[in-house]
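# Examining the three-dimensional arrangement
If you want the building blocks of each chain, they are given just below.
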Amino acid sequence: MAKTEDVKFSVLVSLFNWIQKTKPPAKKRSKFRKFLDTYCESTDYFTAVRLILPSLDRERGSYGLKEHVLATYLVDALGMSKDSQDAIRLKNWRKDGGANNAGNFPMVAAEVLQRRQGMISGGLTIKELNDLLDLLASGENRAEKIVVLSTLIKKTNAQEMKWIIMIILKDLKLGISEKSIFHEFHPDAEDLFNVTCDLKLVCEKLRDRRQRHKRQDIEVGKAVRPQLAMRVGDAHAAWKKLHGKEVVVECKFDGDRIQIHKNGADVHYFSRNYLDHSEYGHAMSTIFAQNILVDRCILDGEMLVWDTSLNRFAEFGSNQEIAKAAREGLASDRQLCYVAFDILYVRDTSIIHQSLKERHELLRKVVKPLKGRLEILVPNGGLNTHRTPGEPCWSLIAHNVDDVEKFFKETIENRDEGIVLKDLGSKWEPSDRSGKWLKLKPDYVRCGSDLDVLIIGGYYGSGRRGGEVAQFLVALAESSASKAYPRRFISFCRVGTGLSDEELDAVVTKLKPYFRKYEYPKKAPPTFYQVTNNSKERPDVWIESPEISLILSITSDIRTIRSEVFAAPYSLRFPRIDKVRYDKPWHECLDVQSFVELVHSSNGT
Ligand code: ATP
């Protein structure tokens, strides 16, 4: 057999095409097996498997290329003029630029490439492709990445390049689950991946399908796939599900799930996607060195930001900014704070098989909390000891459903994300979402009254709704003392969910004649809309004038967020359209002042 690395990428492309168009899962799996047996040496499965499961490959860093950036790089790599029709198609891939393929970037790119590359394969091997992808990930700037892309284009045809783009975007849409691929590769592959998050190691260790692998435990330094929570509708459903168990209820903190792997002075910060967020090190490593009382351990928890002036956790979303400020030595009222809610490993022993109750005891012994920097979440201890009177508690043992309801109510009042219920007798299981942990969230609770807002713009969707407006930019009316109709509308938030397909179609059809495109080079928005310069806010189309637009009633998670993206002072965290108010005229839109009062009254300030 030839070497795996010499296999032509075109062979893999045939496999991808075949798997994609074949329906029965068993056939898809057996074709994958046949490919492994025919083309891959058992000593080197990884070279091929990493291209089949690109989202699990951690050997090369991130490419830093999402569709939008990739589009502009491809324009340069193909030497196209920025104003050419194809360049505009690529940039407008979500909209009508993509024509039939609108919303599907690899397909739009394939159309454009077809006209330039033709059908003949360039003979690229799997090894060459991996080497070039390494270069693409390590390329430090735009120019270096464009050189790699143009080399790839020279060595492939349009079909091959389309699949390479999908590999770069880490989504092959093959219609076969990662679970099935793992299972076909080796019956123990998924288990081993769950405790190591290391695809290379899985490919190297499990070469022989017939030889079973002894179940491996977790190790310090290797990310573990996190235990997850199952969603439940209300406190009663949660209580029923955990019937007869000893239950702890905890606040669901709204930060980044991070596993701390401490091995002496060496600390890793693994995220949910198994990436090592070493940028947290500057702010946290000394604290972990001093306040974790053992040399080796794994903690599971949430990285958050603590506001020292307000004496509370800051809103979601500022972790990176605060980590950067700490690196640059900038003074701030806000600091990173790690809340450990579990412990998985102590010294040289994995403790995931012990009960949560036992793990809580170990957490108390191993971690010395430091207010606002390192906290532990255990019942009747940890964060609770820092609680000022009157503040809700963060974790308690629930004896009945009323305890759960009361805790949930306090969470809502405190504007936290929700609660997690855990079976205190359960072990910690990688990647498990079978119901040992349950989450209950106060989503879409009305903000006291309906928020009736005006549609001022639209965003094109992707996938199924590619080429059609699928989300709206909505606005509040500018407040005025007089009873006159509002003259200006202030951008407020972006909302897409809540309506059925038919309802959404009806709104889009009604407004379509008044869509005004926002094209390159940028046109200013209509003057009666007040917006920011933030590019995340920019809709693809504006509504020509407020008088012909529609009012939407929206609901949201009870929490509002201070807005940097939109022109109004606050925005909504998880907005959702409740209904279209065809009955309400445009000028009865909620005004900014009334909204701010609503926010303040629901905050109790
Ligand atoms: P969500 O968007 O609701 O966070 P998810 O899919 O990211 O959902 P889930 O498994 O559903 O994750 O919910 C668990 C997540 O909640 C964890 O990944 C963690 O980031 C977060 N979390 C916050 N507080 C806790 C807690 N006390 N115990 C467990 N997880 C918590």
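As the structure is a computational prediction, the values presented were derived from the model and not from experiment.

### Focus: the overall build of the protein chain
Within the protein chain, the secondary structure is distributed over 20 helices and 22 strands. In terms of overall dimensions, the protein chain has C-alpha extents of about 80 × 65 × 50 Å along its principal axes. Scored against the burial criterion, the 605 residues of the protein chain give a buried share of 39%. Sequence-distant contacts in the protein chain: of pairs separated by 6 or more residues, those separated by 24 or more amount to 68%.

### A short note on the pairing of strand E13 (residues 451-460)
Taken across its 10 residues, E13 has eight buried, putting it largely inside the fold. Where E13 meets strand E19 (residues 551-555), four bridges bridge the pair, whose relative direction is antiparallel. The partner of valine 453 across the bridge, within E19, is leucine 552. Relative to strand E14 (residues 469-477), E13 runs antiparallel, the two being bridged by six bridges. The residue bridging leucine 454 from the neighbouring strand is alanine 475, located in E14. In the sheet, E13 pairs with strand E18 (residues 541-543) via two bridges, with the strands oriented antiparallel.

### Comments concerning the sheet that holds strand E1 (residues 230-231)
Spatially, the five strands line up as an open sheet ordered E1-E12-E11-E2-E10, and their pairing is mixed. For this open sheet the edge positions go to E1 and strand E10 (395-398), each flanked by a neighbour on one side alone.

### Side note on the site of the ligand
Lining the immediate surroundings of the ligand are Pro226, Leu228, Ala229, Glu250, Lys252, Phe253, Arg257, Glu302, Phe341, Leu377, Val420 and Lys439. Its residues assigned to classes, the shell around the ligand comprises seven nonpolar, no polar and five charged.

### Describing the packing of helix H4 (residues 67-77) against helix H8 (residues 142-154)
Contact geometry of H4 with H8 gives a least axis separation of 9 Å together with a crossing angle of 65°. When the axis of H4 is compared with that of H8, the two are roughly perpendicular. Where H4 crosses over H8, the handedness of that crossing is right-handed. For the pair H4 and H8, the contacting residues are Tyr73, Leu74, Asp76 and Ala77 in the first and Arg142, Lys145, Ile146, Leu149, Ser150 and Ile153 in the second. Here the contact of H4 with H8 is composed, by residue class, of six nonpolar, one polar and three charged.

### Some points on unusual backbone geometry
Here the phi dihedral of cysteine 197 falls at roughly 50°; this positive angle occurs in a residue that is not glycine. The residue cysteine 197 is located in the loop between helix H11 (189-196) and helix H12 (199-205) in this model. One non-glycine residue with positive phi stands out, namely tyrosine 274, at about 65°. In this fold, tyrosine 274 is placed in the loop between strand E4 (266-270) and helix H14 (281-291).

### A look at the domain arrangement of the protein chain
According to the domain assignment, the protein chain contains domain 1 (4-168), domain 2 (230-440) and domain 3 (451-603). A straight line from the C-alpha centre of domain 2 to that of domain 3 covers 36 Å.

### Here's the deal with the confidence of the model for the protein chain
Interpretation of the predicted coordinates at a detailed level should be avoided for regions scoring low in pLDDT. Scored by pLDDT, the protein chain has a mean of 89; 92% of the residues are at 70 or more. Looking at the elements of the protein chain, mean pLDDT is at its lowest for helix H17 (residues 383-386), recorded as 58, and at its highest for helix H3 (residues 46-52), recorded as 98. Overall fold confidence for the complex sits at a pTM of 0.77, while the interface term, ipTM, reaches 0.96.

### Considering the environment of isoleucine 548
Here isoleucine 548 is to be found in the loop between E18 and E19. The exposed category is assigned to isoleucine 548, around which 12 C-beta atoms lie within 10 Å. Between the C-alpha atom of isoleucine 548 and that of tyrosine 514, which follows or precedes it by 34 residues, the distance is 7.9 Å.

### Things to note about the packing of helix H6 (residues 105-117) against helix H9 (residues 158-168)
Where H6 contacts H9, the axes come no closer than 8 Å and their chain directions differ by 150°. Considering their axes alone, H6 and H9 lie roughly antiparallel with respect to each other. The crossing of H6 and H9 is right-handed. Facing Pro106, Ala109, Ala110, Leu113, Gln114 and Gln117 of H6, the residues of H9 in contact are Ala158, Met161, Lys162, Ile165 and Met166. Looking at side-chain class alone, the contact of H6 with H9 contains eight nonpolar, two polar and one charged residues.

### Structural notes on helix H10 (residues 178-185)
Counting along an α-helix, one turn takes 3.6 residues, and residues three or four places apart therefore face a common direction. Among the residues making up H10, those that are buried are Ile181, Phe182 and Phe185. Buried residues of H10, seen end-on, are gathered within an arc of 100° and therefore sit on one face of the element. Against helix H2 (25-39), H3 and H11 lie the buried residues of H10.

### A short note on H8
For H8, built from 13 residues, the straight-helix expectation of 18 Å at 1.5 Å per residue is met to within 8% by its first-to-last C-alpha distance of 18 Å. Along H8, the residues that are buried comprise Lys145, Val148, Leu149, Leu152 and Ile153. Looking straight down H8, one finds that the buried residues subtend no more than 140° of arc, so they occupy a single side. Turned more than 90 degrees off the buried face of H8, the exposed positions are Ala143, Glu144 and Lys154.

### Examining the environment of serine 426
Among the secondary structure elements, serine 426 is positioned in the loop between strand E11 (419-423) and strand E12 (437-440). Of the residues examined, serine 426 has 20 C-beta atoms within 10 Å and is grouped as buried. The sequence separation of serine 426 and tyrosine 73 amounts to 353 residues, and the corresponding C-alpha distance is 49 Å. Here serine 426 is in contact with Ser355, Leu356 and Lys436, once residues within four sequence places are set aside.

The rules we used
- Residues numbered from 1 in each chain as written.
- Predicted model: local features only at pLDDT ≥ 70, side-chain atom pairs only at ≥ 80, totals over all residues.
- Helix = DSSP H or I, 4+ residues; strand = E, 2+ residues; numbered from the N terminus.
- Buried ≥ 20, exposed ≤ 12 C-beta atoms within 10 Å, placed from the backbone.
- Contact = placed C-beta atoms within 7 Å.
- Pairing = 2+ DSSP bridges.
- Near = placed C-beta within 6 Å.
- Nonpolar A, V, L, I, M, F, W, Y, C, P; charged D, E, K, R; others polar.
- Axes fitted to C-alpha atoms, helices over the stretch in contact; angles between N-to-C directions.
- Parallel < 35°, antiparallel > 145°, perpendicular 65-115°, else oblique.
- Left-handed = near helix turned anticlockwise from the far one by under 90°.
- Domains from an automatic or database assignment.
- pLDDT = per-residue confidence, 0-100.
- Arc of directions from axis to C-beta.
- Expected span 1.5 Å × (residues − 1).

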